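Each chain, letter by letter, is given below.
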Amino acid sequence: MNEKKTIITLNEAKELKKKYPTPFYVYDEKGIADNADEFIEAFSWNEGFKEYFAVKATPNPAILKLLKKHGCGVDCASETELLMAQALGFKGEEIMFSSNETADREFALAYKLGAIINLDDITHVEALEKAAGVPKKICLRYNPGGDFKIDGQIMGQPSEAKYGMTRAQLTEAAKKLKSKGAEKFGIHAFLASNTVGNDYYPALAGLLTETAVSLEKECGIEVEFINLSGGLGVPYRPGENKCDVKKIGEKIRNIAVAAEKKYGRKYKIFTESGRYMLAPYGQLVSEVIRFKHTYKEYAGLDACAANLMRPAMYGAYHHITVLGKENEKPSVKYDVVGSLCENNDKFAVDRLLPKLDCGDIIVMHDAGAHGFSMGYNYNGKLRSAEILKKRDGTFELIRRAETAADYFATFDMYEEFDAYTKNK
Ligand SMILES: *Cc1c(COP(=O)(O)O)cnc(C)c1O
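Presented here is a report on the structure given in the accompanying data block. The structure presented is a predicted model; accordingly, all values stated were derived computationally and were not measured. (Residues numbered from 1 in each chain as written. Predicted model: local features only at pLDDT ≥ 70, side-chain atom pairs only at ≥ 80, totals over all residues. Heavy atoms only, no water.)

### Examining the site of the ligand
And step 1. In the neighbourhood of the ligand, 14 residues make up the surrounding shell, with Lys-56, Glu-272, Gly-274, Arg-275 and His-370 lying closest.
And step 2. A distance of 2.7 Å separates an oxygen atom of the ligand from a polar atom in the side chain of Lys-56. (Near = heavy atom within 4 Å. Polar contact = N/O pair within 3.5 Å; in protein donor to acceptor, adjacent residues only side chain to side chain.)

### Remarks on the pattern of salt bridges
And step 1. With the rule as written, the count across this model stands at 30 salt bridges.
And step 2. In this structure, Glu-172 engages Lys-176 in a salt bridge whose closest nitrogen and oxygen atoms are separated by 3.8 Å. On the criterion of helical spacing, the pair formed by Glu-172 and Lys-176 is a turn pair, its members being four residues apart in helix α7 (residues 167-179).
And step 3. Notably, a salt bridge pairs Asp-350 with Lys-296, separated by 3.0 Å at the nearest N-O pair. With Asp-350 in strand β16 (residues 346-353) and Lys-296 in the loop between β12 (282-293) and β13 (297-301), this residue pair connects regions lying 54 residues apart in the sequence.
And step 4. When its relative accessible area of 41% is taken as the criterion, Asp-350 is described as partly exposed. (Salt bridge = Lys/Arg side-chain N within 4 Å of Asp/Glu carboxyl O. Helix = DSSP H or I, 4+ residues; strand = E, 2+ residues; numbered from the N terminus. Buried < 20%, exposed > 50% of the residue type's maximum accessible area, 1.4 Å probe, protein only.)

### Section: the environment of Cys-304
And step 1. Position of Cys-304 among the secondary structure elements: in the loop between β13 and α11 (310-314).
And step 2. Distance in space between the C-alpha atoms of Cys-304 and Lys-268 is 42 Å, their sequence separation being 36 residues.
And step 3. The contact partners of Cys-304, leaving out residues within four places of it in the chain, are Gly-338, Ser-339, Leu-340, Asp-345, Phe-347 and Lys-381. (Contact = heavy atoms within 4.5 Å.)

### Focus: helix α5 (residues 104-113)
And step 1. Considered for burial, the residues of α5 that qualify are Glu-106, Phe-107, Leu-109, Ala-110 and Leu-113. Relative to the axis of α5, the buried residues are bounded by an arc of 165° and lie together on one face. Opposite its buried face, α5 presents the exposed residues Arg-105 and Lys-112, each directed more than 90 degrees away.
And step 2. In this structure, the buried residues of α5 make contact with α4 (79-87), β4 (95-98), β5 (116-119) and α6 (124-131).
And step 3. Gly-114 occupies a position one or two residues after α5 and carries a positive phi of about 75°. (Arc of directions from axis to C-beta.)

What follows is the structure, given as structure tokens:
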């Protein structure tokens with residue numbers, strides 16, 4: 001069982017609102033740090049283990065610095081994410097570059113920074129060589145095709161995924177790279193998303209270990225690490241299972257011990273967890289501002305899908321707590337909606353909640369990963385602030401809310417917008 005706790009109380013929300021109007025995101029420093037420690041501890045048996053936090057999940061400097069302090073590297077997928085990593089002092093192999101449809105300038109920057117480059121496709125061998133050069137250490141992204149099953153159950157459909165190379169392409173790429181000077185290799189795969197059991201990472205570790213051994217034999221190369229990428233899930237619904245990272249770590253250890261016995265080979269384990277590292281430790285806070293009764297009961301918020309897109313995009317469930325009404329009976333069925341001119345702008349459909357009033361403060365749980373970062377500006381909506389609740393209970397603004405001036409900043413060639421774009 002997991003209880004859904006809010007990071008802030010009603011009183012704290014009221015105080016914060018005076019300075020930072022809703023909607024805003026709050027993150028829990030202690031939760032993030034303790035969880036990162038526990039995660040890394042689960043793999044401490046593996047020499048060279050590294051978690052490369054997937055920057056796209058929560059690209060905020062304060063969060064990335066906190067994770068860095070706790071031993072994490074970063075996984076970047078674009079030029080801007082690389083620049084952010086560089087600015088925050090991530091160096092060389094503390095950066096994994098797992099991109100796809102990669103532009104030349106992105107390869108060039110990743111190479112310059114000494115990041116570990118994870119090639120998504122066989123054609124990227126030449127593209128990388130042309131754009132930058134062939135590094136001594138390089139990673140290859142594997143897509144085994146078909147369905148990815150664990151105990152007969154389909155976990156993911158690699159055959160429908162645009163990522164990674166076929167098994168034959170792995171061999172070809174490794175041979176080519178070796179002939180061009182690459183000396184150490186890694187193998188990466190991402191085959192299922194938001195998995196809440198304890199078997200996904202171990203099954204993947206088994207597959208990648210076997211692949212590494214056979215690739216070493218075929219190509220005469222040395223594989224240094226296997227990269228399990230992201231895919232660990234979190235319980236979005238109350239009562240759902242939570243991954244047990246200690247168990248996951250132990251299961252992978254058994255696989256590693258068996259591989260060492262059988263093949264005499266040991267590999268470093270890398271991960272690129274995003275959701276597992278951050279989702280439970282970030283929440284979107286907003287206010288109920290309107291009600292509407294037509295064929296259904298609507299509760300309208302000052303937040304919208306531009307602040308948190310997952311429900312609109314995937315029909316994802318985000319648990320809702322009404323601050324100050326935690327102990328009231330959920331007695332009214334609402335569609336909880338945002339203000340976009342899009343009918344999918346619904347945070348919840350037919351959700352039973354305590355009777356709401358205007359001014360009620362709503363907390364949307366498990367929004368710490370792939371939440372703020374998916375935000376966009378449709379309907380001229382502005383991105384919200386992000387606030388960190390520190391260990392000592394104080395609050396720090398870690399990103400200010402966008403203003404109209406930010407929205408108009410790219411119109412600086414129009415004098416009609418001078419009031420916004422000049423002398424701000
Ligand atoms: C999105 C992504 C991740 C993070 O995935 P989570 O599901 O958040 O753990 C890691 N690696 C790559 C290459 C990704 O695209």
